[in-house]
Amino acid sequence: MDAGSGIIPTGAQERTVAKKSTNVTYQSHHVSRQKRGQILGERGGFRGCCLWFTGLSGAGKTTIAFAVEEYLITKGIPAYGLDGDNIRHGLNSNLGFTQVDREENIRRISEVSKLFADGGIISLTAFISPYAKDRDNARKIFTEAGLPFYEIFINTSLEVCEKRDVKGLYKKARAGQIKGFTGIDQVYERPSNPELSLKAGVDTVDECVQQVIELLQNEGIVPIQAVEKVVELFVPASKVESTLAEAKTLPKLHINKLDLQWLQVLAEGWGTPLKGFMREREFLQCMHFGCLLDGGVSNQSIPIVLPLTTEDKERLVPVPAIALYHDGKLHAILRNPEFYQHRKEERASRQFGTGNAGHPYVKMIYDSGDWLVGGDLEVISRITWNDGLDKYRLTPNELRAKFRSINADAVFAFQLRNPVHNGHALLMTDTRRRLLERGYKNPVLLLHPLGGWTKDDDVPLDVRMRQHAAVLEEGVLDAASTVVAIFPSPMMYAGPTEVQWHAKARQATGAHFYIVGRDPAGMPHPDTKEDLYHAQHGRKVLTMAPGLTQLEIVPFRVAAYNLKKGAMDFYDPDHKADFLFISGTKMRALARSGELPPKGFMAPKVGVKSSSMACRCTPGRAA
């Protein structure tokens, strides 16, 4: 029987192990723990400790421990999970299940776990370890080594464990086929004062993982950025009245529609861990490193800043807080403002790779104020646009709740700023098929069109949303496994730099997979009309970008119109004569002549006018 079985044979064996090694001297390492911490993992700092998961057989110890391990690794924090069954296959394969052997089993794993922790690795041990004395001895080993030890009780009831009974051991124990089974006819000594107690029979695995991560963050083991909580910037309901009263006493700064869209992005938590418009330190980290570095690495490839004129800057210095208004309506208070120079050409060149004012977003930068102001935001209430589409503007926390409510075990996100053609649908359907083949039970598509500012020749948001609805109505995409929502960010057309932002923001929704296409966030050069960015660089950059390891990047398979099938199909170079690539130029030519695209290229129900259909419907260019 294995270590995870919960079997404790009866008997009166002494649970002590004599020390037999003699003439041995402990050798101190030349490398300090501090030095190990500087080079181990993406997030510098020594984090060695032990998380000791204890509980009944079937409580969820290994499931949660391994989920925490996976979570930490995706955040660039080294961790290793040690499971009772696995250890019995190797290190402790010579041990039986007498009480003496069980004590030695726990002693050995405690020592091994200590070595992992001493190396700067978070060690996660998942053992029933039913006796308090054995767990106390494990803690003592760590305490004497000056390493943190956290006992985590997986507080799952015996009833729930028996219902699960994955290995069928409870059934055998109840039938008398197994004697000395923990929780049935042998005692399990519940921890009297664990550092954390998890109700794994009530809370989801993800919720348990976050509780463990919060423990580690509170103990200073991992940085706050590793806690996967979306930071919303709304004023609590209990303080709205006093905040409104205070705002009346503050100097005003009037912001434009683009600024308001960025305010919405920040308020809803898409830019977590940002707490407001960037201060100069955050701006410089973003511009030069593509990341926020304080407290650990957090991808932030594009600046989220608030420009203002010299006149406004001189009027507002030095005030402790500023009331932000748009079209006469108060939206937020900006606290402890910091003013710094808006170096427009440098910003544009770093963000877009060009300072050409023919680029529409670059032009908006040049037309904006000569100063930037950063500070902490307190947003009065939800920002709405009253365009009939607000119901689709779900926040990251609302999307997470939605995915939980439909029992999604994987979420794959697809951003787009164009109508969905059937090539896109083919890719998304194929992605779901592949996830099912990998063992996921209910992978869900987040169809997430960008809803902020776009350039004039892009298809309007309301038109796109009607077309997306038609795609679902016709069954081109499975409505039961698709969530449609609007991503409030403005579009910048910054290529591989911007596509990191698109991916990072989807992490906030809890997405696990991100589909990236040809030339994401790209556009033609204002002068040469050639692609401003390499068509494949966005995809390649995402696979290397720091701070995005939580997401698995799904490459965009090339789709084209199959003339023989009369439908979109994955391109087969061996039969290239059968395929028609319908470019944006071709779409615009069809629109000018009043023709429709070939049958099967797009959902026929969509009421897209020919002029709108002509705008940026290039197959393969998703965002």
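Our subject in this report is the structure included herewith. Here the structure is a predicted model, which is why all the values come from computation and not from measurement.

Some remarks on the nonpolar core
- Among the nonpolar cores identified, the biggest contains 70 residues, and Trp262, Phe277, Leu324, Leu377 and Trp501 are the most heavily contacted of them.
- For this core, the element with the most residues is helix α10 (residues 257–267), which contributes seven residues.
- Here Trp501 is in contact with Trp262, Val265, Trp270, Gly271, Gln300, Ser301, Ile302, Ile304, Phe487, Ser489 and Met492, once residues within four sequence places are set aside.
- Leu56, Ile64, Ile154 and Tyr170 belong to the second largest nonpolar core, which has 39 residues in total.

Brief notes about the sheet that holds strand β10 (residues 321–326)
- Pairing in this open sheet of five strands is mixed, and the strands run β6-β10-β11-β12-β9 from one edge to the other. Of all the strands in the sheet, just β6 (252–254) and β9 (307–308) have a single pairing partner and so form its edges.
- With three bridges joining them, β6 and β10 adopt parallel strand pairing. Across the sheet, the residue bridging to Lys252 is Ala323, located in β10.
- In the packing of helix α9 (residues 240–247) onto the sheet, the strands contacted are β10, β11 (329–341) and β12 (371–379), and the crossing angle to β11 comes to about 60°.

Quick word on unusual backbone geometry
- Residues Thr272 and Pro273 are joined by a peptide bond in cis, for which omega reads 15°.
- Residues Val317 and Pro318 are joined by a peptide bond in cis, for which omega reads -10°.
- As for its placement among the helices and strands, Pro318 is situated in the loop between α12 (310–316) and β10.
- Phi at Ser129 is positive, roughly 35°, even though this residue is not glycine.
- Mapped onto the elements, Ser129 comes out in the loop between β3 (122–126) and α5 (132–144).
- On the basis of relative accessibility, which here comes to 3%, the residue Ser129 falls in the buried class.

Quick notes on the packing of helix α18 (residues 495–507) against helix α19 (residues 537–544)
- Where α18 contacts α19, the axes come no closer than 9 Å and their chain directions differ by 55°. Between α18 and α19, the crossing angle belongs to the class labelled oblique. Like other packed secondary-structure pairs, α18 and α19 cross with a definite hand, here right-handed. Touching Pro496, Val499, Gln500 and Ala503 of α18 are His537, Gly538, Val541 and Leu542, all from α19.
- Grouping the amino acids of the contact of α18 with α19 by side-chain chemistry returns five nonpolar, three polar and no charged.

Remarks on the sheet that holds strand β2 (residues 79–83)
- The strand order across the open sheet built from five strands is β2-β3-β1-β4-β5, with neighbouring strands paired in parallel fashion. The outermost strands of the open sheet, each flanked by one partner alone, are β2 and β5 (196–198). Put simply, the sheet's adjacent strands are angled 20° from each other on average, direction ignored.
- Bridge analysis of strand β1 (residues 49–54) against β3 gives five bridges, and the strand direction is parallel. When the bridges of β3 are listed, Leu51 appears paired with Leu124.
- Contacts from helix α8 (residues 205–218) reach β1, β3, β4 (149–154) and β5 within the one sheet, and its direction differs from that of β5 by about 175°.

Calculation notes
- Along every chain, residues carry numbers that run from 1 in the direction the sequence is written.
- At least 70 in pLDDT is required for a residue's local features to be given in this predicted model, at least 80 for side-chain atom pairs to be given and counted, and no such filter applies to totals for whole chains, interfaces and linings, which use all residues.
- The basis for the side-chain values is all heavy atoms of the structure; hydrogens and waters are excluded.
- Side-chain atoms within 4.5 Å link the members of a nonpolar core, which is a set of buried Ala, Val, Leu, Ile, Met, Phe, Trp, Tyr and Cys residues.
- Per-residue accessibility, obtained with a 1.4 Å probe over protein chains only, is compared with the maximum for each type, and a residue is labelled buried under 20%, exposed over 50%, and partly exposed between these values.
- By definition, any uninterrupted DSSP run of H or I lasting at least four residues is a helix, any uninterrupted run of E lasting at least two residues is a strand, and each is numbered from the N terminus.
- Note on contacts: a residue pair qualifies if any of its non-hydrogen atoms lie within 4.5 Å across the two residues.
- In this analysis, strands are considered paired if DSSP registers two or more bridges between them.
- Simply put, an axis is a line fit to the C-alpha atoms, just over the touching stretch for a helix, and the angle between two N-to-C directions goes from 0 to 180 degrees.
- For classification purposes, angles smaller than 35 degrees are called roughly parallel, those larger than 145 roughly antiparallel, those between 65 and 115 roughly perpendicular, and all remaining angles oblique.
- Throughout, a crossing is termed right-handed when the near helix is turned clockwise from the far one, and left-handed when it is turned anticlockwise from it by less than a right angle.
- Gly is placed with the polar residues, together with every amino acid not listed as nonpolar (Ala, Val, Leu, Ile, Met, Phe, Trp, Tyr, Cys and Pro) or charged (Asp, Glu, Lys and Arg).

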